[in-house]
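# Breakdown of the fold
Chain by chain, the residues:
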Amino acid sequence: MPGLGVNIDHVATVRQARLTYEPDPVWAAVLAELGGADGITLHLREDRRHIQDHDLYTMKKTVQVKLNLEMAAEEEMTAIALEVRPDQVSLVPEKREELTTEGGLDVISNLERVKVCVHKLQEVGIEASLFIDPDLDQIAAAKKLGVHAVELHTGRYADASSSDEQQQEYETLLRASEFTVEQGLKLHMGHGLTYRNVTKIAAIPNVCELNIGHSIISRAVLVGMEQAVREMKALVST
């Protein structure tokens, strides 16, 4: 049964639309915990489009479950992570023009830069995970870096336009999942997962963490954060 990491970025997206103080993602994190979240995920982007530094610092003091910081493998972000000391850092690619993270981190092409960041995190006891496409070569490169986990990008599965295409993407994820476990890495998955498509992914053997954001926040607008998380938790626990 995988743990559920709730990404609260888009609570901050709503707040930043008016540059005001509400809704507060810290409050959202508390309610997510009450709903059964096993972890809280937030992405501190270089352009600070949603989560702000003070959100991260406050959540470090208040979150009682696993705190997972998504960030680019850049010097500024690394310095912040080393100061805050979240439980886990998930390294992701980042482009200013994208609406949300598009595709996985190219570990092979950025090996040295990622290695420096990973080693700095590990030196202070922060677990490092890499958000990558379900590609065997990328998984093998992650293994060489000595990270504790990889998060396989489920976006192509989630965005499939037909049942046949979705099945093909599922089989790709399944093969990548098996290879990840064979490499001795913890298996995480996320991106684009919803109440409609999550159960098949949650049932993949050895998945220990699912990170889901947009779908839960969208549901929370209608039924409240605690209830939205509780409903997703029930789906990933079946």
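The sections below set out a description of the structure shown in this document. (Residues numbered from 1 in each chain as written. Predicted model: local features only at pLDDT ≥ 70, side-chain atom pairs only at ≥ 80, totals over all residues. Heavy atoms only, no water.)

## Focus on the overall build of the protein chain
Applied cut-off: Elements are defined by DSSP. Helices are runs of H or I of four residues or more, strands are runs of E of two residues or more, and each kind is numbered from the N terminus. Every radius of gyration here is taken over C-alpha atoms, with the globule rule written as 2.2 Å times N^0.38, N being the number of residues. None of His or the chain ends enter the tally, which takes Lys and Arg as positive and Asp and Glu as negative. A charged residue contributes its charge at one atom only: NZ of Lys, CZ of Arg, CG of Asp or CD of Glu.
Helix and strand counts for the protein chain come out as eleven helices and eight strands. On C-alpha atoms alone, the protein chain measures out to a radius of gyration of 17 Å, which is about the 18 Å that the 2.2 N^0.38 rule sets for 238 residues. Its C-alpha atoms put the protein chain at 45 × 40 × 30 Å along the principal axes. Each charge class in the protein chain can be summarised by its mean position, and for the 24 positive and 37 negative side chains these summaries are 2 Å apart.

## Some words on helix 1 (residues 9-18)
Note the cut-off: A simple rule labels every residue: compare its accessible area, found with a 1.4 Å probe on the protein chains alone, to the largest value its type can have, and call it buried under 20%, exposed over 50%, or partly exposed in between. Relevant arc is that of directions from the helix axis to the C-beta atoms, nothing else. Any pair of residues with heavy atoms lying within 4.5 Å of one another is described as a contacting pair.
Listing the buried residues of helix 1 in full gives Asp9, Val11, Ala12, Arg15 and Gln16. Here the buried residues of helix 1 occupy an arc of 155° about the axis, which is enough to place them on one side. Seen from the open side of helix 1, the exposed residues pointing more than 90 degrees away from its buried face are Val14, Ala17 and Arg18. Buried residues in helix 1 make contact with strand 1 (3-7), helix 2 (25-34), strand 2 (39-43), helix 3 (53-62) and helix 10 (214-223). The positive-phi residue at the C-terminal boundary of helix 1 is Leu19, with phi of around 50°.

## Here we look at the layout of surface pockets
Inclusion rule: Definitions used throughout: a 1 Å grid over protein atoms alone; a cavity as a set of points that fits a 1.4 Å probe which cannot get out; a pocket as an open set with protein on both sides within 12 Å along at least five of seven lines; a lining residue as one with an atom within 4 Å of a point. Grid points are joined across faces, edges and corners, and a volume is the space filled by probe spheres set on the points. Side-chain classes follow a simple rule in which Ala, Val, Leu, Ile, Met, Phe, Trp, Tyr, Cys and Pro form the nonpolar group, Asp, Glu, Lys and Arg form the charged group, and the remainder, Gly included, forms the polar group.
A volume near 180 Å³ is recorded for the second largest pocket. Around the second largest pocket, the lining residues are His10, Val11, Val14, Pro23, Asp24, Trp27, Ala28, Leu31, Ile217, Ala220, Val221 and Met225. Contributing elements (two or more residues each) for the lining of the second largest pocket: helix 1, helix 2 and helix 10. Of the residues assigned to the lining of the second largest pocket, the class counts are ten nonpolar, one polar and one charged.

## Some details on unusual backbone geometry
Peptide bonds are mostly trans, and most non-glycine residues show a negative phi. Here the residue pair Glu22 and Pro23 is connected by a cis peptide bond, since its omega of 0° sits within 30 degrees of zero. Within the secondary structure layout, Pro23 lies in the loop between helix 1 and helix 2. In the Ramachandran plot, Leu19 falls in the positive-phi region, its phi being about 50° despite a non-glycine side chain. Among the structural elements, Leu19 can be located in the loop between helix 1 and helix 2. A positive phi is found at Arg85, a non-glycine position, where the angle reads about 60°. Summarising the element assignment, Arg85 is placed in the loop between helix 4 (75-84) and strand 4 (88-91).

## Some words on the environment of Val107
Within the fold, Val107 resides in the loop between strand 4 and helix 5 (111-123). On the basis of relative accessible area, Val107 is assigned to the buried category, the value being 0%. Residues Val107 and Asp133 lie 26 residues apart in sequence; the distance between their C-alpha atoms is 9.9 Å. With residues up to four places along the chain from it excluded, the contact list for Val107 reads Leu130, Ile132, Gln138, Ala141, Ala142 and Leu145.

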